[in-house]
Amino acid sequence: MTQNPAAPLPTPKERRRLRENRSLSQADVATRLGVSRATVRSWENGRSAPRGRVREEYTRLLTTGPSAARPEVTVPQEDAAPELVGAGTGGEARADVGKKRSVSVGGRPGRKRAEGRLAKGLPTEEWLAEDARAGLSEPSLTPAQAFDALYAFCAPALVRQAYLLTGRRELARESVERAFQQAWYRWPEVAVDRDPAGWVRATAYEYALSPWHRLRPRYRHPEAPPAGAADRALLDALLELPPVYRRTLVLYDGVGLGLPETAAETEASTPAAANRVLHAREAVATKLPELASPEDLHWRLAELASAERLRAAKPRTVRWYGERRAQQWTRAAIAFTALLIGVTVLTLGTAPDHYEAPLSPPETIHGLPPKGAPGPLSAAQVKLRARLRSQEMNGPERLIPETR
């Protein structure tokens, strides 16, 4: 079947005018395309431009109206299409590898609406405002349900992205699970964040690229490489890049973030992020000349990440382990505090309560005569002793001295 050629993308000023003519807000466009409101704003300001499939859908939305836009598709975690950029990551491009299936999500009510809100990057307070405007008397999602929706929305794609950063399947799963455990521990902060998916992604990337993993025994030996020779070559080329270059390349050419968003997430200036992307592309093209085109590199990154069967744990399991880890840290802190208090009390009980002057060091005294010791009696001393013993008397004379 032949396809009609794609319509050209309007200029930034024309994009805003066309959107307003169709009575669409930036949030509406972000919801239909599965990106954040900040991304749509950057498109209309001319700071960035959509790419790939999102570019076609964005052009179709502006030129043909909302009826021709892509319908909202929600897929469960296990049946997600093999794409590098998953739902809720805030990317501008989508790697359309394979045919997507439209599968409805069963389970709790309000989950489909939650996934659309996560795609817009709305915090929990704006969720409540939307519910109030819709006439709902109470929030439709509990914190656990909102977390589960965020996890199902982001975790599969984040595992594939972490695999591109580390080249290790187990470390990729561990990084994503640890990031979501941190998100659940700080859920009051994450829930009101303007981009919860970006918060989790940054945390997962930081954990995955930590240099301390090389000291762990389980990660001292490399894992089995991908089965395909082309996949092995691309993964080796990625792992030879410095970690910050690898992260920037995955965010820009893999996930599809704009250059300002990539620079903000990597904590660098926009020119620095652009130089990192150019140097990383050049390094990959040196080893793999067929990937000199950014579009080819984007598709190959998506294919490499989708080739591995990477599955994340269930959201309930992640929440349980996060709560258990928080309890263990709390108990350890309480035990350490109790130990510190006990040592302090023992020190106060055994410490002296008054000042004792230190003893001066001893000194040797010279010039004294030697100490005499009793020895044998002389003849005169023996004669005197015999006379005294012979003159012993009894009676009063003994008590009264004699007058001489």
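Residues numbered from 1 in each chain as written. Predicted model: local features only at pLDDT ≥ 70, side-chain atom pairs only at ≥ 80, totals over all residues. Heavy atoms only, no water.

1. Describing the overall build of the protein
Along the protein, the regular secondary structure elements total 17 helices and zero strands. Residues counted as buried form 39% of the 404 residues belonging to the protein. Long-range pairs, those at least 24 residues apart, make up 73% of the contacts in the protein between residues at least 6 apart in sequence. Element-wise, carbon and sulfur atoms account for 56% of the exposed surface of the protein, whose accessible area totals about 24300 Å². (Helix = DSSP H or I, 4+ residues; strand = E, 2+ residues; numbered from the N terminus. Buried < 20%, exposed > 50% of the residue type's maximum accessible area, 1.4 Å probe, protein only. Contact = heavy atoms within 4.5 Å. Areas by Shrake-Rupley, 256 points an atom, 1.4 Å probe, with all protein chains shown as cover.)

2. Considering helix α1 (residues 12-21)
Residues spaced three or four apart along an α-helix face the same direction, because each turn holds 3.6 residues. All of the buried residues along α1 are Arg15, Leu18 and Arg19. The arc that holds every buried residue of α1, seen down its axis, measures 100°, which confines them to one face. Across from the buried face of α1, at angles greater than 90 degrees, the exposed residues are Lys13 and Asn21. On the buried face of α1, the contacting elements are α2 (26-33), α3 (37-45) and α4 (52-64). Taken from the residues just after α1, Ser23 is the one with a positive phi, measuring 55°. (Arc of directions from axis to C-beta.)

3. A word on the pattern of salt bridges
Counted under the stated rule, the structure contains 13 salt bridges. Here Glu265 makes a salt bridge to Arg201, at a shortest N to O gap of 2.8 Å. Separated by 64 residues along the polypeptide, Glu265 in helix α13 (residues 259-265) and Arg201 in helix α10 (residues 196-208) bring together distant segments of the chain. Linked by salt bridges that have partners in common, Arg51, Asp253 and Arg281 make up one network. (Salt bridge = Lys/Arg side-chain N within 4 Å of Asp/Glu carboxyl O.)

4. Points about the environment of Arg168
Tracing the sequence through the fold places Arg168 in the loop between α7 (143-166) and α8 (169-185). For the pair formed by Arg168 and Glu223, sequence separation is 55 residues and the distance between their alpha carbons is 6.3 Å. In contact with Arg168, other than residues within four places in its own chain, are Tyr163, Tyr219, Arg220, His221, Pro222 and Glu223.

5. Some details on the side chain of Thr262
Mapped onto the elements of the fold, Thr262 is located in helix α13. Leave out the neighbours within four places in its chain, and Thr262 touches Thr248, Leu251, Tyr252 and Leu257.

6. Remarks on the side chain of Arg246
Here Arg246 is to be found in helix α12 (residues 243-255). One buried charged residue, Arg246, remains without a salt bridge, the closest side chain of opposite sign being Glu240 at 9.8 Å. When sequence neighbours within four positions are dropped, the list of residues in contact with Arg246 reads Leu164, Leu165, Leu209, Leu238, Leu239 and Leu241. (Lys, Arg positive; Asp, Glu negative; His and termini not counted.)

7. Focus: unusual backbone geometry
What is expected of a backbone is that most residues other than glycine have negative phi and most peptide bonds are trans. Its identity as a non-glycine residue notwithstanding, Glu267 has a phi of 55°, on the positive side. Assignment of secondary structure puts Glu267 in the loop between α13 and α14 (270-287).

8. Notes on the nonpolar core
Grouped together as the largest cluster of nonpolar side chains are 48 residues, with contacts concentrated most on Phe180, Trp187, Val200, Leu234 and Leu238. Filtering out sequence-adjacent residues up to four positions away, Val200 remains in contact with Leu150, Leu158, Ala179, Phe180 and Ala183. Val29, Ala30, Val35 and Val40 belong to the second largest nonpolar core, which has 13 residues in total. (Core = buried A, V, L, I, M, F, W, Y, C linked by side-chain atoms within 4.5 Å.)

9. Regarding the confidence of the model for the protein
Looking at the protein as a whole, the pLDDT averages 76, with 76% of positions reaching at least 70. Note that pLDDT drops below 50 for residues 65-83; the model gives that stretch 44 contacts with residues more than four away or on any other chain. The low-confidence segment residues 85-129 (pLDDT under 50) makes 136 contacts with residues lying over four places distant or belonging to another chain. (pLDDT = per-residue confidence, 0-100.)

10. Some thoughts on the packing of aromatic side chains
Across all of its chains, the model carries eight aromatic pairs by this definition. Considering the side-chain rings of Tyr151 and Phe180, the 4.6 Å spacing of their centres and the 70° angle between planes classify their relative orientation as edge-to-face. With Tyr151 in helix α7 and Phe180 in helix α8, the pair connects residues that are 29 residues apart, well separated along the chain. For Tyr151, a relative accessible area of 0% puts it in the buried group. One aromatic cluster is present, formed by Phe147, Tyr151, Phe180, Trp184 and Trp187 through successive ring pairs. Directly above the ring of Trp184 sits Arg319, whose terminal nitrogen or CZ lies 5.6 Å from the centroid. (Phe/Tyr/Trp six-rings, centres within 6.5 Å; stacked < 30°, edge-to-face > 60°. Lys NZ or Arg CZ within 6 Å of the ring centre and 35° of its normal.)

11. Describing the packing of α2 against α4
Between α2 and α4, the shortest axis-to-axis distance is 10 Å and the interhelical angle comes to 135°. When the axis of α2 is compared with that of α4, the two are oblique. In this structure, the crossing between α2 and α4 has a hand that is right-handed. Of the residues in α4, those in contact with Val29, Arg32 and Leu33 of α2 are Val54, Glu57, Tyr58 and Leu61. Across the contact of α2 with α4, the residue classes tally to five nonpolar, no polar and two charged. (Axes fitted to C-alpha atoms, helices over the stretch in contact; angles between N-to-C directions. Parallel < 35°, antiparallel > 145°, perpendicular 65-115°, else oblique. Left-handed = near helix turned anticlockwise from the far one by under 90°. Nonpolar A, V, L, I, M, F, W, Y, C, P; charged D, E, K, R; others polar.)

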